[in-house]
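A closer look at the structure
Each chain is listed here by its residues.
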Amino acid sequence: EHMLPVDQFEPQLAPLLDRLQHRIPHNAQVIPLYQADAVAVARLHMAELGGDSEVLRRRILGESADAFSPRLSRVLLIGDRVMGCILARRLSKELVFVDANIVDPAIRGRWANIWLKLASTQNAMQSGVKRFRFNTFDHYGDTRSFTERLGGVTTRTTVLMHRLLK
């Protein structure tokens, strides 16, 4: 688990996004979760991260105690197609837990994740958020290096045990 201050996102990501602006499709936009097609957001989540579709549906629609924030969570559209999302929930006035940061494989590794993170952070900061908390796995080395570069810290480590079944 990691904790990351939000104040370094804009100085680090805005110049990158400026350089990539010409690659962003003219019909791309980042919108709040409450304006997005909940079924399409769930479909992207299920395709990329899996999960329980009914639990996910309730969280997206705000029908559970651990629902995603409809205003802090952001969705990336190209045209009317959901291509990415950051699903998060507020834990306190200054702290948000980011449950999912998903970008469709067709546009991963380019401009999309930068724009999604920057838009989410700018919105969160306007709402008084000072820190993001999130989990990641060891094989996401880019996430860990990004966290360190922005002054984040690891707050907890979990070891996942598994046994191969014959």
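Quantities reported herein were computed from a predicted structural model and do not represent experimental measurements. (Residues numbered from 1 in each chain as written. Predicted model: local features only at pLDDT ≥ 70, side-chain atom pairs only at ≥ 80, totals over all residues. Heavy atoms only, no water.)

Describing helix α2 (residues 38-48)
One turn of an α-helix holds 3.6 residues; hence residues three or four places apart share an orientation. Residues A40, V41, A42, L44 and H45 constitute the buried set of α2. Of the residues flanking the start of α2, the one acting as N-cap is D37, its side-chain oxygen 3.0 Å from the backbone nitrogen of V39. (Buried < 20%, exposed > 50% of the residue type's maximum accessible area, 1.4 Å probe, protein only. Helix = DSSP H or I, 4+ residues; strand = E, 2+ residues; numbered from the N terminus. Polar contact = N/O pair within 3.5 Å; in protein donor to acceptor, adjacent residues only side chain to side chain.)

Focus on the nonpolar core
One finds L76, V96, I107, W111, W115 and F132 to be the most contacted residues of the largest nonpolar core, which totals 29 residues. With seven residues, the top contributor of residues to this core is helix α4 (residues 112-126). (Core = buried A, V, L, I, M, F, W, Y, C linked by side-chain atoms within 4.5 Å.)

Side note on helix α1 (residues 9-20)
For α1, spanning 12 residues, the distance from its first C-alpha to its last is 16 Å, which sits close to the expected 16 Å at 1.5 Å a residue. Taken as a whole, α1 has its buried residues at F9, L13, A14, L17 and L20. Viewed end-on, α1 has its buried residues packed into an arc of 125°, placing them on one side of the element. Set apart from the buried face of α1 by more than 90 degrees, the exposed residues are D18 and R19. (Expected span 1.5 Å × (residues − 1). Arc of directions from axis to C-beta.)

Considering the pattern of salt bridges
If you walk through the whole model with that rule in mind, you get nine salt bridges. We note a salt bridge from R57 to E63, for which the minimum N-O separation is 3.3 Å. Accessibility expressed as a relative area gives 45% for E63, which makes it partly exposed. Residues D99 and R89 are paired through a salt bridge, measuring 2.9 Å at the closest nitrogen-oxygen approach. Highlighted residues: D99 in strand β5 (residues 95-103) and R89 in strand β4 (residues 81-90), separated in sequence by 10 residues. Residues joined by salt bridges that share partners form a network here, namely E54, R57, R58 and E63. (Salt bridge = Lys/Arg side-chain N within 4 Å of Asp/Glu carboxyl O.)

With respect to the confidence of the model for the chain
Model confidence for the chain is summarised by a mean pLDDT of 85, while 82% of its residues fall at 70 or above. Per-residue pLDDT, averaged within each element of the chain, yields its smallest value for helix α5 (residues 141-149) (54) and its largest for strand β3 (residues 74-78) (98). (pLDDT = per-residue confidence, 0-100.)

Quick notes on the packing of aromatic side chains
Evaluated as defined, the whole model comprises one aromatic pair. Aromatic pair W111 and W115: ring centres 6.1 Å apart, planes at 50°, arrangement tilted. The same class applies to W111 as to W115, namely buried. Here R71 stacks its cationic end above the ring of Y34, 4.7 Å away from the centre of that ring. (Phe/Tyr/Trp six-rings, centres within 6.5 Å; stacked < 30°, edge-to-face > 60°. Lys NZ or Arg CZ within 6 Å of the ring centre and 35° of its normal.)

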